[in-house]
Amino acid sequence: MLRIGVFVCWCGENIASTVDVKKVVEKIKDLPYVVYATDYKYMCSSPGQDLIKQAIKEHNLTAVIVSACSPTMHEPTFRQAGAEAGLNPYMVEMTNIREQCSWVHQDKEKATQKAIDLIRITIGKIARNYPLEPTYLPITKRALIIGGGVAGIQAALDIADGGYEVVLVEREPSIGGKMAQLSETFPTLDCSQCILTPKMVDVARRKNVKLYTYAEIEEVNGFVGSFEVKIRLKARSVDIDKCTGCGACWNKCPVKKIPSEFDMGLGTRTAIYIPFPQAVPAKPVIDREHCLYFTKGKCRVCEKVCPTDAIDYDQTDQIVEEKVGAIIVATGYDLYDYTSKLSWNGKYQGYGEYGYGKYKDVISGLHFERLLSASGPTEGQLLRPSDGKPVKTVVFIQCVGSRDPQKGLPYCSKICCMYSAKHIILFKHKVHDGTAYNFYMDIRAGGKDYEEFVRRAVEEEGGVYIRGRVSRIYKRGDKLIVQGTDTLGGSQVEIAAD
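Summary of the structure given here. Keep in mind that what you see is a predicted model, and the values were worked out from it rather than measured. (Residues numbered from 1 in each chain as written. Predicted model: local features only at pLDDT ≥ 70, side-chain atom pairs only at ≥ 80, totals over all residues. Heavy atoms only, no water.)

## Quick word on the environment of Glu321
And step 1. Take Glu321: it is sitting in strand β16 (residues 318–324).
And step 2. Sequence spacing of Glu321 and Arg444 is 123 residues, and the spatial spacing of their C-alpha atoms is 46 Å.
And step 3. Dropping the residues within four chain positions of it, Glu321 is found in contact with Val229 and Lys230. (Helix = DSSP H or I, 4+ residues; strand = E, 2+ residues; numbered from the N terminus. Contact = heavy atoms within 4.5 Å.)

Shown next as structure tokens:
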């Protein structure tokens, strides 16, 4: 027979100031299955737990309800107390009358009635509970990592160093992610490839790391410790076991003007390609949307020049299954869409006034990284995307896509102050006689030596920092006119930028 004990906590004044605890106890005593109900000022304290243990033994309770704070905080506490008194711990439930009642209401009478109703609901739940016993299952001691950027790579290396097997899945033809696209990293200005490439090579040759590139997760089943994962290996049209990465195929490919995703569309690639020179694996993939064989049924140049017969036009997607015990999701990020667009709530979320997508010389920070990079489309020369002319004047705009409640993004990105400062320093290293302007809202350089890094951009490199927002960017001749406000100087600003 079900015998429920209800214990209502005052939580000091957290609950008692809004809920009439004594009245709650009186009302609960008369409910079905309840054979004992009481209150105590701090139920989670040692005396409070002793009160529960004593009541379980004296009243032969078969179930306990503690009406107090969030189960996240003290459910393990009270279940342990129940177990110590001989009660199955899964016959102990909590009713949250603090976060879900007293803290969100001011009317004491209504809050008291709500607390009673919440406890009634919990009584209904516990009446249907079954005593549970812990079970022990074997764990598959392998990990799946989704995403082969620097986070996924480092996670794979750390787990492999611990002696466990790793399955690393990357949807692009090569691992490396966004970090591979960067020129240098703040605050040390180290070459990103110098940091990343050794890790990429290391993870690829580890015996206990199974690397799948150009692959995506199809399905995940199971539970923690025992997952069954289906992975789709997309058809590369290249047999990577035969391919040596010699480069003969992409060097001879006649289709050469496809915008490069890795270079953010600023450079081009061929129809059979590796994303960048340091790609891992250094095995190409055929872009079937642009390959002449797949679009027109002719060409096959790559097949003719391949010395190892690695080209396989008939290759299809394959599904492989892996069993793992843990999954790490390291899927990275996408850039904010700065172009003006209507969102789900009927508000325009983009920044159409900045002309991104309209003017070729309005670019994102990642575009700028590719222009700075020695392996980029301009081999490190800062040239305007629109006409290839040298850049002498550049304007950086911070907080685009952050700290803007009207666009639905009220929070700070935490990186753009340092990111812009890095770009100013790198720009001045490339263009000694150039001028860099930076529109900012506030400088938030929160990290070791970060403030000093920003000061370096201003004091040593001559970056011109303007506190204020840009209102409009438009074309005048071959220049971009940037209009904004200097809120410190109290004046309007107009800059002719490249």
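Now that the structure has been shown, the text picks up again.
## What about the sheet that holds strand β20 (residues 464–467)?
And step 1. The sheet built from 3 strands is open, its strands ordered β18-β19-β20 with parallel pairing. The open sheet has two edge strands, β18 (393–397) and β20, and neither has a second partner. Neighbouring strand axes in the sheet, compared pairwise and without regard to direction, differ in orientation by 20° on average.
And step 2. Two elements, strand β19 (residues 435–440) and β20, share 4 bridges in a ladder whose sense is parallel. When the bridges of β20 are listed, Asn438 appears paired with Tyr465. (Pairing = 2+ DSSP bridges. Axes fitted to C-alpha atoms, helices over the stretch in contact; angles between N-to-C directions.)

## Quick word on the pattern of salt bridges
And step 1. Inspection of every chain in the model, using the stated rule, returns 33 salt bridges.
And step 2. For the salt bridge of Glu93 with Lys125, the shortest nitrogen-to-oxygen distance reads 2.8 Å. Taken together, the positions of Glu93 in strand β4 (residues 92–96) and Lys125 in helix α4 (residues 108–126) put the pair 32 residues apart, joining distant regions of the chain.
And step 3. Given the relative accessible area of 45%, Lys125 is considered partly exposed.
And step 4. Between Asp433 and Lys392 there is a salt bridge, and its shortest N-O distance comes to 3.1 Å. Remark: Lys392 occurs in the loop between α10 (365–372) and β18 and Asp433 occurs in the loop between α11 (416–430) and β19; sequence separation between them is 41 residues.
And step 5. By relative accessible area, Lys392 is classed as partly exposed at 38%.
And step 6. Ionic contacts of the salt-bridge type, sharing partners, join the residues Arg384, Asp387, Lys389, Asp478, Lys479 and Asp498 into one network. (Salt bridge = Lys/Arg side-chain N within 4 Å of Asp/Glu carboxyl O. Buried < 20%, exposed > 50% of the residue type's maximum accessible area, 1.4 Å probe, protein only.)

In short, the description is geometric, and any link to function would need to be established separately.
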